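For reference, the chains in residue letters:
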Amino acid sequence: GADVANPRVATASANANIALIKYWGKADEELIIPRASSLSLTLDGLTSRTTVEFFDKVDGEEDADVAGGSGSGVDCREIYDYIKSADSLTIDDVPQQGKALDRVSRFLDIVRAQSGLHLPARVVSHNTVPFGAGLASSASAFAALAAAASKAAGMDLSPRDLSRLARRGSGSACRSVFGGLVQWHAGHDDETSYAEPVDMGSLDLAVIVVLVSSDLKPVSSREAMRRTVATSPLYPAWVESCAVDLDEALNAIRQGDLERLGAITEANAFGMHAAMMASRPAVLYWLPDTVAVLRAVDGIRDSGLGAWSTMDAGPNVKVLADARDARAVAAALRERVPQCEVEIHRPGSGVRLH
Ligand code: 2P0
């Protein structure tokens, strides 16, 4: 809840999510409206916890007195730039500048515009990253930031409106507002593009994350999806397949059919990577061990254990399985690809205010 002494501060946490039907490509870059709807599972143990504090004194100087800046004869734009220049961001105890701070500042501008609270903010974020690196997620980061910033600014958003706000920071963040299975309706504008929870029914899911490399990705997902949309001859076919895949995935979920859900999940991810690889120049995130893990998952499935691969904008493989098989699947992976670290994740909760 809000700090009694300072109502302009709030803390929220959110978990990362893994898409089963992927989001890849925007119809609107500014509003982050996707080309297709997507479906994800929010995971436990991959968490961002973020505190946002709006403050009205800049560096101990006189009151900035900018909350009601209009009408003073000063150009609003200058005031807003001044406010923005006082924003600060600390991630895991490291003060940030440049691109990272810029992106958060631009997101805070949306919160300032919506709330009318034209003040600078201090943002402090802590992340639990499983293997030290490699899976840092903009989804958990912007879901937590959206919840903390909107609350600190005095807004009381519905979960749907919070997901619309989180979407403006990073597309996949709109799904991390909710726990468990989540559908992001592509929509066609800011109003109609939001996430919503999907009943898990009888499914008892786990995701086994297999770390192939924790190195920084060679191309950001934002740039890679732009390139895929603009240049890949396979992209339109993949987008078309997404609508069919989503329908079938939702049906499989309703029927509690993990075999079917797993097969669609795997096919949709391969299709996304095929479209990426057909971009010009190609976007290729895979490493030799990515293929080794994909083969291992095939082998594990042939041996009679249910396990299905999915991959995002990087070389790591995530394996969907029944929660009751998760330890056996993880053990089989450790045996088949001993060079990779393996960690089991269960479904996680949505965004929470503290
Ligand atoms: C997803 N990914 O559905 C897809 C699959 C990666 C591969 O969402 O530009 O960080 O901030 O909207 O959400 C990664 O892209 O991109 C992503 P922006 P985002 O999870």
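Fair warning: this is a prediction, and the values are worked out from it, not measured in the lab.

Here is what the cut-offs are and how they apply
- Residues numbered from 1 in each chain as written.
- Predicted model: local features only at pLDDT ≥ 70, side-chain atom pairs only at ≥ 80, totals over all residues.
- Helix = DSSP H or I, 4+ residues; strand = E, 2+ residues; numbered from the N terminus.
- Rg over C-alpha atoms; globule rule 2.2 N^0.38 Å.
- Contact = placed C-beta atoms within 7 Å.
- Domains from an automatic or database assignment.
- Axes fitted to C-alpha atoms, helices over the stretch in contact; angles between N-to-C directions.
- Parallel < 35°, antiparallel > 145°, perpendicular 65-115°, else oblique.
- Left-handed = near helix turned anticlockwise from the far one by under 90°.
- pLDDT = per-residue confidence, 0-100.
- Nonpolar A, V, L, I, M, F, W, Y, C, P; charged D, E, K, R; others polar.
- Near = placed C-beta within 6 Å.
- Expected span 1.5 Å × (residues − 1).
- Buried ≥ 20, exposed ≤ 12 C-beta atoms within 10 Å, placed from the backbone.
- Core = buried A, V, L, I, M, F, W, Y, C linked by C-beta atoms within 7 Å.
- Pairing = 2+ DSSP bridges.

Let's shift gears to the overall build of the protein chain. If you tally the helices and strands in the protein chain, you get 9 helices and 14 strands. For 354 residues, the compact-globule estimate of 2.2 N^0.38 gives 20 Å, and the protein chain sits close to it at 21 Å. Dimensions of the protein chain, computed from the C-alpha atoms along their principal axes, are close to 70 × 40 × 35 Å. Within the protein chain, counting contacts between residues at least 6 apart in sequence, those at least 24 apart form 73% of the total.

Let us now look at the domain arrangement of the protein chain. In terms of domains, the protein chain is made up of domain 1 (9-199) and domain 2 (205-345). One C-alpha centre belongs to domain 1, the other to domain 2, and the line joining them spans 27 Å. In this assembly, 24 residues from domain 1 lie in contact with 28 residues from domain 2. Counting only elements with at least two residues in the side of domain 1 that touches domain 2, the list comes to strand E1 (9-21) and strand E4 (38-54). Top contributing element to the side of domain 1 that touches domain 2 by residue count: E4, with 6 residues.

This next bit is on the packing of helix H6 (residues 235-254) against helix H7 (residues 258-277). Between H6 and H7, the shortest axis-to-axis distance is 9 Å and the interhelical angle comes to 165°. Between H6 and H7, the interaxial angle falls into the category roughly antiparallel. By crossing handedness, the relation of H6 to H7 is classed as left-handed. Residues Tyr235, Trp238, Ser241, Cys242, Asp245, Glu248, Ala249, Ala252 and Ile253 of H6 form the contact with H7, whose participating residues are Arg260, Leu261, Ile264, Asn268, Gly271, Met272 and Ala275.

So, about the confidence of the model for the protein chain. Looking at the protein chain, pLDDT values average 93 and 92% of them are 70 or higher. The complex prediction reports pTM at 0.94, with the ipTM value standing at 0.99.

Relative to the assigned elements, Met155 resides in the loop between helix H3 (138-152) and helix H4 (159-169). Spatially, the C-alpha atom of Met155 lies 9.9 Å from that of Leu117, the residues being 38 residues apart in sequence.

Our focus in this paragraph is the packing of H3 against H4. For the pair H3 and H4, interaxial distance at closest approach is 8 Å and the crossing angle is 120°. When the interaxial angle is binned, H3 and H4 end up oblique. For the pair H3 and H4, the crossing hand works out as right-handed. Across the interface between the two elements, Phe142, Ala143, Leu145, Ala146, Ala147 and Ser150 from H3 touch Leu162, Leu165, Ala166 and Gly169 from H4. Classifying every residue of the contact of H3 with H4 by side-chain character gives 8 nonpolar, 2 polar and no charged.

With that settled, the discussion passes to the site of the ligand. The full set close to the ligand counts 14 residues, and Ala19, Tyr23, Ser170, Gly171 and Ser172 are the nearest of them. Its residues assigned to classes, the shell around the ligand comprises 5 nonpolar, 6 polar and 3 charged. Two domains each provide a minimum of three residues to the shell around the ligand, namely domain 1 (9-199) and domain 2 (205-345).

Another aspect to go through is H3. Over its 15 residues, H3 extends 20 Å from the first C-alpha to the last, a length consistent with the 21 Å expected when each residue adds 1.5 Å. Most of H3 is tucked away, with 15 of its 15 residues classed as buried. Of the residues trailing H3, Gly154 is marked for its positive phi of about 90°.

Moving on: the environment of Ala275. Assignment of secondary structure puts Ala275 in helix H7. Spatially, the C-alpha atom of Ala275 lies 9.5 Å from that of Thr231, the residues being 44 residues apart in sequence. In this view, Ala275 contacts Thr228, Ser232, Leu234, Tyr235 and Trp238; residues no more than four positions away in its chain are not counted.

On to the nonpolar core, then. Side chains of a nonpolar character, in soluble globular proteins, are inclined to be buried together. With 101 residues, the main nonpolar core has Ala143, Leu145, Ile208, Val210 and Val319 as its most contacted residues. Here this core gets 11 residues from one element, more than from any other, and that element is H3. Split by domain, this core shows at least three residues from each of two domains, domain 1 (9-199) and domain 2 (205-345).

On to the sheet that holds strand E11 (residues 308-311). The antiparallel open sheet is built from 4 strands, whose spatial order is E11-E12-E10-E13. Here the strands that pair on one side only, and so sit at the sheet edges, are E11 and strand E13 (341-345). Shown here is a sheet whose adjacent strand axes are inclined to one another by a mean of 25°, direction ignored. Examined bridge by bridge, strand E10 (residues 205-211) and strand E12 (residues 317-322) share 6 bridges and lie antiparallel to one another.

One can expect most non-glycine residues to show negative phi and most peptide bonds to be in trans. Cis peptide bonds are those with omega within 30 degrees of zero, and the linkage from Arg280 to Pro281 qualifies with -5°. Considering the arrangement of structural elements, one finds Pro281 in the loop between H7 and helix H8 (288-302). Even without being a glycine, Ile32 presents a positive backbone phi close to 55°. On the secondary structure map, Ile32 appears in the loop between strand E2 (26-28) and strand E3 (33-34). Judged by local crowding, Ile32 falls into the buried class, with 22 C-beta atoms found within 10 Å. The backbone phi angle of Asp93 is positive, close to 70°, even though this residue is not glycine. With respect to the helices and strands, the residue Asp93 is situated in the loop between strand E5 (88-91) and strand E6 (94-96).

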